[in-house]
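Descriptive analysis of the structure
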Amino acid sequence: MDEPSMPNSSAGTTQTTPPPGPPTPPIPLAELLAREELGLRRIAGPADADLLWVHTSEMADPYPYLLGGELLLSAGVLLADPDHYVGRLVEAGAAALGFGVRPVHETVPAALIEACDRQGLPLLEVPPETPFTSIARAVWRLMAEARHRELRRVTRAQQALATAAARPDPVPAVLQQLATQLGGRAVLLTARGQEVHAAGRRPDPEAAGALTRLARVVARERPGSPSSATDTQGGTHLSAYALGGGEGLVLALATRRRESGDHTVAGIAVVLLSLLAAPHQGADAAGRSAALVRMLLGASPAEVAPLLGSTGPWTVIHARRTDGAPADALTAGALGASLGTALVDAERGAGEAVRVLLGPGPEPDRIAARPGETAPEPDLIATRPGETAADPARPTAQPGERAADPARLTPRPGWTLGASAPTPVTALAAADALAARALAHARATRAPLTVDAPTGGLAALVPPEQAAAHARALLAPLTAPLADTLRSWLSLHGSWDRTAVALGVHRNTVRQRIERCAALLGADLDDMDVRAELWFALRQK
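Note that the coordinates shown come from a computational prediction; the quantities given were computed from them, not determined experimentally.

A short note on the sheet that holds strand β12 (residues 250-255)
An order of β9-β8-β12-β11-β10 is seen for the five strands of this open sheet, with the pairing classed as antiparallel. Edge positions in the open sheet fall to β9 (195-199) and β10 (228-233), since each of these has one partner strand only. When strand polarity is set aside, the average angle formed by the axes of neighbouring strands in this sheet is 15°. Judged from the four bridges that link them, strand β8 (residues 184-189) and β9 form a sheet pairing that is antiparallel. Note that in β9 the partner of V187 across the bridge is A198. Sheet strands in contact with helix α6 (residues 205-218) are β8, β10, β11 (236-242) and β12, and its direction is about 25° off that of β11.

Structure, rendered in structure tokens:
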């Protein structure tokens, strides 16, 4: 069975938003020919072609198995009618044909060369010493390099857009930076096509008119409108993206070129502009949004608290890829966009979790249940109670703040999430630690989501001061690592393996630490009463 060896996303004149992450940039044929170790030689057809993947086929007519953009490799085993064969490849949208000489053909057939020249299909001669797999490997390597370059470009654009959003005039600044990054025109339009702000070189009147019409396609004035659409007018690439907030605002772009990562860069701008232009922000929208972005860039909560006022609380989320792969800035940004926020921290280094900050007023589609309630899928979603609400180490809403409905998030495909309870901006450090603990618990229990939540019941009846004093006295013999190990071990019902996963240590290390805890505390950790008292004490820390 013939199958393509690399994936690719489809394209169209007008299309809805593709899945998160840009497709791998196409590889210019010239870059492949420049690999001298392959010994490839173009002997017919045009010099310019873009390769999307590599495919090998010895069928007389491979048309049904081609998607377009392939470098098709063949030794001509069943080649009978070169003109018909090339015509079918051109009809299927193949980018180029690589013909391997020997053992079937001593040289590339002259009729095949003539057909490729006549029909405009690049033809490469593959020498006998070059396996087709080497060509495929070279293309994949070029694609990986191109994707890496594109990811770096997207990361730089994300940082530049976040910095622009922190300026006193955030909306024009973001549009100006977006126009600079994409090398074109960026316009914020109303649903009726009226310009709100614009930046960059103005396109010709025909392209400008087409851009306005395209913006009306995505303006959310009727059910079923797509979130994005693209078109081309006289060599100018046009794109339109609907902003969140329900006001029908549209980000419209006109560029002379379209790179694979441009959609992602535009998506970052859409998230920022949705935050900046959201109607619920009121007159202080610029200051509030600038404060949010400054937090994204690493400013301390104390610096932005005056700008944020009492609009909290906030939820901190720690996230890791389910497959264990590190999350690049592009992937982390897609996660943030799916959660409805641009506040994503993926720059803490290899092996570190992605951190996401959600503001007040969570959207209905990301709320599954209140903390402590039964999840829709209890075998997949884990929640565990947090500390007492009055404990100063436990983040809670301050008096006078609007307490947001403590949202429990829905799982995100491909991610393991740990979330804190809603917290004021002044307690984000504690919420960050609780989110990290929740993520460790989720990974150990193989749950896609764990939410740390304030507790009620009997534990909440004990005065916080007395509970904290009892905890300090009881746990005094334990060092911080021992206390963390004991807390994790108790929360995971004494499972050595799950505790080892949660802490990232060997199971024998967990055993040794628990034995040390028992010795220092002089307690039998197999006794349920002892475990309950220790758990109560550990929850005060």
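Here's the deal with α6
With 14 residues, α6 should cover 20 Å at 1.5 Å per step; its first-to-last C-alpha distance of 21 Å lies within 8% of that length. Buried within α6 are the following residues: A207, A210, L211, L214, A215 and V218. Mapping the buried residues of α6 onto a view down its axis gives an arc of 145°, with all of them on the same face.

Digging into the packing of aromatic side chains
Aromatic ring pairs: the centre-centre distance and the angle between the two ring planes describe each pair. Applying the stated rule across the entire model yields one aromatic pair. Seen from their ring centres, W489 and W496 are 5.5 Å apart, and the 35° between their planes marks the pair as tilted. Exposure remark for W489: the relative accessible area of 3% places this residue in the buried category. Lying across the ring of Y63, R88 places its NZ or CZ 4.1 Å from the centre.

Digging into the nonpolar core
L161, V174, L175, L178, L251, L253 and L273 are the most contacted members of the largest nonpolar core, which has 30 residues in total. Elements that contribute at least two residues to this core include exactly α4 (132-165), α5 (170-182), β8, β12 and α7 (262-277). When residues of this core are assigned to their parent elements, the largest contribution, nine residues, is made by α7. L178 has contacts with L161, A186, L251, L253, V265, A266 and A269, leaving out every residue within four places of it along the chain. Counting 21 residues, the second largest nonpolar core, distinct from the first, contains L32, V54, V139 and M143.

A short note on unusual backbone geometry
One can expect most non-glycine residues to show negative phi and most peptide bonds to be in trans. Cis geometry marks the peptide bond from R102 to P103, where omega comes out at 10°. Structurally, P103 is set in the loop between β6 (96-100) and α3 (110-119). Although it is not a glycine, R102 sits at a positive phi angle of roughly 60°. In this fold, R102 is placed in the loop between β6 and α3.

Quick look at the sheet that holds strand β5 (residues 70-74)
Sheets are built from strands that pair by backbone hydrogen bonding, the pairs being arranged parallel or antiparallel. Read across the open sheet, the five strands follow the order β2-β7-β6-β5-β4; overall the sheet is mixed. The sheet is open, and its two borders are formed by β2 (41-44) and β4 (53-56), each paired with just one other strand. Each strand axis lies, on average, 30° off the axis of its neighbour in the sheet, ignoring direction. Pairing of β2 with strand β7 (residues 123-126) involves three bridges; the strand directions are antiparallel. Bridged to R42 within β7 is L124.

Topic: the packing of helix α14 (residues 496-503) against helix α15 (residues 507-521)
Running from N to C, α14 and α15 cross one another at 100°; their axes reach a closest spacing of 8 Å. Classified by the angle between their axes, α14 and α15 sit roughly perpendicular to one another. Along the contact surface, α14 presents W496, D497, T499, A500 and L503, while α15 presents R507, V510, R511, R513 and I514. When the residues that make up the contact of α14 with α15 are grouped by side-chain class, the tally is five nonpolar, one polar and four charged.

Structural notes on the pattern of salt bridges
Going through the model one piece at a time under the given rule, you end up with 16 salt bridges. For E37, the salt bridge is made with R35, and the minimal N-O distance between the two is 3.9 Å. Classification of E37 as exposed rests on a relative accessible area of 56%. A salt bridge links E106 to R102; the nearest nitrogen and oxygen atoms lie 3.8 Å apart.

A look at a negative patch on the surface
Taken together, D524, D527, D529 and E533 make up a surface patch of like negative charges. In this structure, D524 sits in the loop between α15 and α16 (528-538).

Describing the confidence of the model for the protein
Residues at a pLDDT of 70 or more form 73% of the protein, whose mean pLDDT is 76. The low-confidence segment residues 362-408 (pLDDT under 50) makes 118 contacts with residues lying over four places distant or belonging to another chain.

Rules and cut-offs
Residues numbered from 1 in each chain as written. Predicted model: local features only at pLDDT ≥ 70, side-chain atom pairs only at ≥ 80, totals over all residues. Heavy atoms only, no water. Pairing = 2+ DSSP bridges. Helix = DSSP H or I, 4+ residues; strand = E, 2+ residues; numbered from the N terminus. Axes fitted to C-alpha atoms, helices over the stretch in contact; angles between N-to-C directions. Contact = heavy atoms within 4.5 Å. Expected span 1.5 Å × (residues − 1). Buried < 20%, exposed > 50% of the residue type's maximum accessible area, 1.4 Å probe, protein only. Arc of directions from axis to C-beta. Phe/Tyr/Trp six-rings, centres within 6.5 Å; stacked < 30°, edge-to-face > 60°. Lys NZ or Arg CZ within 6 Å of the ring centre and 35° of its normal. Core = buried A, V, L, I, M, F, W, Y, C linked by side-chain atoms within 4.5 Å. Parallel < 35°, antiparallel > 145°, perpendicular 65-115°, else oblique. Nonpolar A, V, L, I, M, F, W, Y, C, P; charged D, E, K, R; others polar. Salt bridge = Lys/Arg side-chain N within 4 Å of Asp/Glu carboxyl O. Patch = residues over 30% accessible without salt bridge, like charges linked within 9 Å, V, L, I, M, F, W, Y side chains within 5 Å. Areas by Shrake-Rupley, 256 points an atom, 1.4 Å probe, with all protein chains shown as cover. Lys, Arg positive; Asp, Glu negative; His and termini not counted. Charge placed at Lys NZ, Arg CZ, Asp CG, Glu CD. pLDDT = per-residue confidence, 0-100.

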